[in-house]
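Listed here are the chains, written in short residue letters.
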Amino acid sequence: MNWTELNTKDSIPYQLQIVLNTLYGNRKLADVNEEFEETDVIEDTSLPMRQLRLLTRKNENWRLIYKQGGVGVHYVYIQCKIKNDSLYDLKVGESLLDLENNHSVTKLLNQNKINLRSIKTVNK
């Protein structure tokens, strides 16, 4: 089975929304084609500082990537498994390299160019 791209913030499963809020604060996230504040010069405080770049699923495996504005624009990569409404195998990483599609993500992961760290989760 191939990866299915969802690519809208409304498609982010509840479990990943909790991860985003817990790890990175309850900050707004722009959709793929929406404007966001890309620099550290805040001209419009109503714009989000993050922009969704990729949300994709393959069976119970999920990948979420967003672009973070500010000093040194970078990408944040989150991968996990969601099964029976529970989240497992949560890993996060950051990169200055373009993470815009599944092909580039898979390639960079295989080359160990995305330093992933495991995050412990508690499922009820």
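See the structure above.
A short tour of the structure in this document, coming up. Small disclaimer: the values here were computed from a predicted structure and weren't measured.

Section: the layout of surface pockets
By rolling a water-sized probe across the atoms, one finds the places where empty space is left.
Part 1 of the argument: Taken as a whole, the second largest pocket encloses approximately 160 Å³ of empty space.
Part 2 of the argument: Lining the second largest pocket are Lys-9, Asp-10, Ile-12, Gln-17, Leu-20, Asn-21, Asn-26, Arg-27, Leu-29 and Arg-50.
Part 3 of the argument: Broken down by element, the residue count for the lining of the second largest pocket peaks at three residues, all from helix H1 (residues 14-24).
Part 4 of the argument: Residues of the lining of the second largest pocket, tallied by class, amount to three nonpolar, three polar and four charged.

Some points on the packing of aromatic side chains
Part 1 of the argument: As enumerated under the stated definition, the model contains one aromatic pair in all.
Part 2 of the argument: Measuring from ring centre to ring centre gives 5.9 Å for Tyr-24 and Tyr-66, while their planes differ by 80°; the resulting arrangement is edge-to-face. You can see Tyr-24 sitting in helix H1 and its partner Tyr-66 sitting in strand S4 (residues 61-68), a full 42 residues away along the chain. Both residues of the pair, Tyr-24 and Tyr-66, count as buried.

Considerations on H1
Part 1 of the argument: Restricting attention to buried positions, one finds in H1 the residues Gln-15, Leu-16, Val-19, Leu-20 and Tyr-24. Along H1, the residues classed as buried sweep out an arc of 140° about the axis, all on the same side. For H1, the exposed residues set more than 90 degrees away from the buried face come down to Tyr-14 and Thr-22.
Part 2 of the argument: Buried residues along H1 sit against strand S2 (29-30), strand S3 (50-58), S4, strand S5 (74-83), strand S6 (86-95) and strand S7 (117-118).
Part 3 of the argument: Backbone geometry just downstream of H1 places Gly-25 in the positive-phi region, at approximately 80°.

Some points on the pairing of S5
Part 1 of the argument: With eight of ten residues buried, S5 lies mostly within the body of the structure.
Part 2 of the argument: For S4 and S5, the ladder comprises eight bridges, and the chain directions are antiparallel. Bridge pairing in S5 places Tyr-66 opposite Val-76.
Part 3 of the argument: If you look at the hairpin formed by S4 and S5, you'll find five residues sitting between the two strands, and Gly-70 has a positive phi there, around 115°.
Part 4 of the argument: Hairpin connection of S5 to S6: two residues between the antiparallel strands, including Asn-84 at a positive phi of 50°.

Focus: the nonpolar core
Part 1 of the argument: Core analysis: the biggest nonpolar cluster contains 19 residues, and Leu-16, Leu-20, Leu-64 and Ile-78 have the highest contact counts within it.
Part 2 of the argument: Contributions of two or more residues to this core are made by H1, S3, S4, S5 and S6.
Part 3 of the argument: When residues no more than four places from it in sequence are discounted, the contact partners of Leu-16 are Leu-55, Trp-62, Leu-64, Ile-78, Cys-80, Ile-82 and Leu-87.
Part 4 of the argument: Judged by nonpolar contacts, the second largest core, of nine residues, contains Ile-65, Tyr-75, Val-105 and Leu-109.

Each value, and the rule that gives it
Residues numbered from 1 in each chain as written. Predicted model: local features only at pLDDT ≥ 70, side-chain atom pairs only at ≥ 80, totals over all residues. Heavy atoms only, no water. 1 Å grid on protein atoms, 1.4 Å probe; cavity = no way out; pocket = protein on both sides within 12 Å on 5 of 7 lines; lining within 4 Å. Points joined across faces, edges and corners; volume = space filled by probe spheres on them. Helix = DSSP H or I, 4+ residues; strand = E, 2+ residues; numbered from the N terminus. Nonpolar A, V, L, I, M, F, W, Y, C, P; charged D, E, K, R; others polar. Phe/Tyr/Trp six-rings, centres within 6.5 Å; stacked < 30°, edge-to-face > 60°. Buried < 20%, exposed > 50% of the residue type's maximum accessible area, 1.4 Å probe, protein only. Arc of directions from axis to C-beta. Contact = heavy atoms within 4.5 Å. Pairing = 2+ DSSP bridges. Core = buried A, V, L, I, M, F, W, Y, C linked by side-chain atoms within 4.5 Å.

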